[in-house]
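# A closer look at the structure
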Amino acid sequence: MIYLDNAATTKTAPEVVEAMLPYFTEYYGNAGGIYKLGNESKKAIVRAKETIAETLGVEPNEIFFTAGGTESDNWALKAAYEAYKEKGNHIITSKIEHHAVLRTCEYLEKQGARVTYLDVDKDGIVDVEQLEKAIGPDTILISVMYANNEIGTIQPIQEIGGIADRHGIPFHTDAVQMYGQMPIDVPGCHIGLLSASGHKFNGPKGVGFLYISRNTRLRSFIHGGQQERGRRAGTENVAGIVGMEAAVKRAYRIMDQKNARETQLRDYLIDRILSGIPGAKLNGHPVKRLPGNVNVSFESVESESALIMLDMKGICASGGSACTTGALDPSHVLLALGLPPEWARGALRMTLSEDNTKSEMDTVVCELKRIVENIRQMRTV
Ligand SMILES: *Cc1c(COP(=O)(O)O)cnc(C)c1O
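Fair warning: this is a prediction, and the values are worked out from it, not measured in the lab.

Around the ligand sit 13 residues in total, of which T70, D174, Q177, S197 and K200 are the nearest. Within the side chain of D174, one N or O atom sits 2.7 Å away from a nitrogen atom of the ligand. Side-chain polar atom of Q177 to an oxygen atom of the ligand: 2.7 Å apart, as the coordinates give it. When the ligand is considered free in solution it has 380 Å² of accessible area, and contact with the protein chains removes 87% of it.

Interface size is commonly expressed as the accessible area that is lost once the parts come together. When its domains are assigned, the chain resolves into domain 1 (2-7 + 255-380) and domain 2 (14-250). Here domain 1 and domain 2 have C-alpha centroids that lie 28 Å from each other. Tallying the contact residues gives 26 residues for domain 1 and 29 residues for domain 2. Across the interface of domain 1 and domain 2, roughly 2,200 Å² is buried in total on both sides, 55% from carbon and sulfur atoms. The largest share of the area that domain 1 buries against domain 2 comes from M255, L290 and H332, three residues that together contribute 26% of it. Put simply, domain 1 and domain 2 have one salt bridge between them. Between E354 and R250 there is a salt bridge; the shortest N-O distance is 2.6 Å. At the boundary of domain 1 with domain 2, the tally comes to 14 residue pairs in polar contact (both at pLDDT 80 or more). Elements with a minimum of two residues in the side of domain 1 that touches domain 2: α8 (238-276), β10 (293-298) and α10 (332-336). When residues in the side of domain 1 that touches domain 2 are grouped by element, the largest group, four residues, is from α10. Among the residues forming the side of domain 1 that touches domain 2, the class breakdown is 10 nonpolar, 11 polar and five charged.

Taken in spatial order, the three strands of this open sheet run β9-β10-β12, and their pairing is antiparallel. Whereas interior strands pair on both sides, the edge strands pair on one side only; in this sheet they are β9 (280-282) and β12 (347-351). Looking at each pair of strands side by side, their axes are set apart by 25 degrees on average, direction ignored. Bridge count for β10 against β12 is five bridges, and the pairing is antiparallel. By the bridge assignment, N295 is partnered in β12 with R349. Those strands touched by α8 are β9, β10 and β12, and its axis lies near 10 degrees from that of β10.

To continue, consider the nonpolar core. One finds L56, I142, I184, L194 and F209 to be the most contacted residues of the largest nonpolar core, which totals 65 residues. A total of nine residues in this core trace back to one element, the largest contributor, which is α8. A domain-level breakdown of this core finds at least three residues from each of domain 1 (2-7 + 255-380) and domain 2 (14-250). Those residues within four positions of I142 in sequence are excluded, and the remaining contacts are I92, L131, I135, I160, A164, I169, P170, F171 and H172. Residues I277, A306, L352 and V364 belong to the second largest nonpolar core, which totals 28 residues.

On to the packing of aromatic side chains, then. Tallied over the full model, the rule gives six aromatic pairs. For the ring pair W75 and F221, a centre distance of 6.1 Å and an interplane angle of 15 degrees mean the geometry is stacked. Within this pair, whereas W75 is found in helix α4 (residues 69-84), its partner F221 is found in the loop between β8 (208-212) and α8, the two being separated by 146 residues in sequence. For F221, a relative accessible area of 24% corresponds to the partly exposed category. Grouping aromatic residues by their ring pairs yields a cluster made of Y179, F201, F209 and Y252. R217 extends its terminal NZ or CZ atom over the ring of Y84, reaching a point 4.6 Å from the ring centre. Above the face of the Y268 ring, K358 is positioned so that its terminal group lies 4.9 Å from the ring centre.

Turning our attention to the pattern of salt bridges. Under the defined criterion, the tally for this structure stands at 22 salt bridges. With a shortest N-O distance of 3.3 Å, E82 and R219 are connected by a salt bridge. Pair noted here: E82 is in helix α4 and R219 is in the loop between β8 and α8, with a separation of 137 residues, a long-range link. One salt bridge in this structure joins K258 and E262, with 2.8 Å as the shortest N-O distance. Highlighted residues: K258 and E262, both in helix α8, separated by four residues, approximately one helical turn. A single burial state applies to K258 and to E262, both of which are buried. Each member of the salt-bridge network shares a partner with another, and the members are R250, K258, E262 and E354.

Definitions and limits used
Residues numbered from 1 in each chain as written. Predicted model: local features only at pLDDT ≥ 70, side-chain atom pairs only at ≥ 80, totals over all residues. Heavy atoms only, no water. Near = heavy atom within 4 Å. Polar contact = N/O pair within 3.5 Å; in protein donor to acceptor, adjacent residues only side chain to side chain. Areas by Shrake-Rupley, 256 points an atom, 1.4 Å probe, with all protein chains shown as cover. Domains from an automatic or database assignment. Contact = heavy atoms within 4.5 Å. Buried area = accessible area lost by both parts, 1.4 Å probe. Salt bridge = Lys/Arg side-chain N within 4 Å of Asp/Glu carboxyl O. Helix = DSSP H or I, 4+ residues; strand = E, 2+ residues; numbered from the N terminus. Nonpolar A, V, L, I, M, F, W, Y, C, P; charged D, E, K, R; others polar. Pairing = 2+ DSSP bridges. Axes fitted to C-alpha atoms, helices over the stretch in contact; angles between N-to-C directions. Core = buried A, V, L, I, M, F, W, Y, C linked by side-chain atoms within 4.5 Å. Buried < 20%, exposed > 50% of the residue type's maximum accessible area, 1.4 Å probe, protein only. Phe/Tyr/Trp six-rings, centres within 6.5 Å; stacked < 30°, edge-to-face > 60°. Lys NZ or Arg CZ within 6 Å of the ring centre and 35° of its normal.

The structure is reproduced here in structure tokens:
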């Protein structure tokens, strides 16, 4: 099997599993317990916050554990809307956000929010001038993702954060694709809220965090007990949190090497596809993109059929994103780039890990070439 869907999820690293195990078997105490066993869990949670805070240049008490990226995005947007709605109802985001942000914005529109969806250029970079112009006295939140999950384009977050800061508007970034892949300087980018998810960087699924800066007013999201300083109730997912911490340590340890390797493989795969398969096009920015992201469209080829044929050859790839696979609609991200629907329907996303090899890339190109030819032939008969 050749696994090329690391933007959807990654393999849990063995050292992550190993770090988690004692928190099922030995240290199973409730972190709220006053006995020693509970204290072990509590200490583990505190340690994890310290580890994560250090990677971002923030304080441990600004890290709040959640059940993943989707929850973090929901919390950031819904709670910011609630906290700032006396000031205004205007939210600015982009057209290429993950559905965890877009669907939440649609929900908030039903509650009375006015949402501006910023355009992107042909490579998927947000229109910063349009952002500046969209800001008004009633703007209460700017939410722009750090790196896109479909096309891998990395946004000018420092510039966007600077604008938000100058206007005194809280800035949220969905950094689920970025955190654990590349370094993030939270204070330097004036980020007030940041979402991340463990399973995107070899941690366990179902655990993530929301960074909430001291200066950002955000209320509780889940009501109940006093966990997470009363803002996110529910018995902590201690093993998950410990696993995510182990994944953070691993990710930062191998980051430079992993990125160098993936960038090389990525560019090799892109080159071979563009030069070897006629009617192929790269989607997303050629260099301002995540090290492991390849997104290509093939003219007159629907990704659905190509993905099934790839799967029969043991190659796991995806269409737009994991969430849109299965739907026949072309991806909202690719449409926002200005790609005609017939090209957008033929997009294939292949996202690499440090385990992939050059010979796997050769196999993929070889199979892909055959598959694309087959599909085109079937269409013409
Ligand atoms: C995967 C992903 C999410 C959702 O994270 P989960 O932990 O799976 O809920 C949100 N935003 C982006 C950009 C993602 O890639």
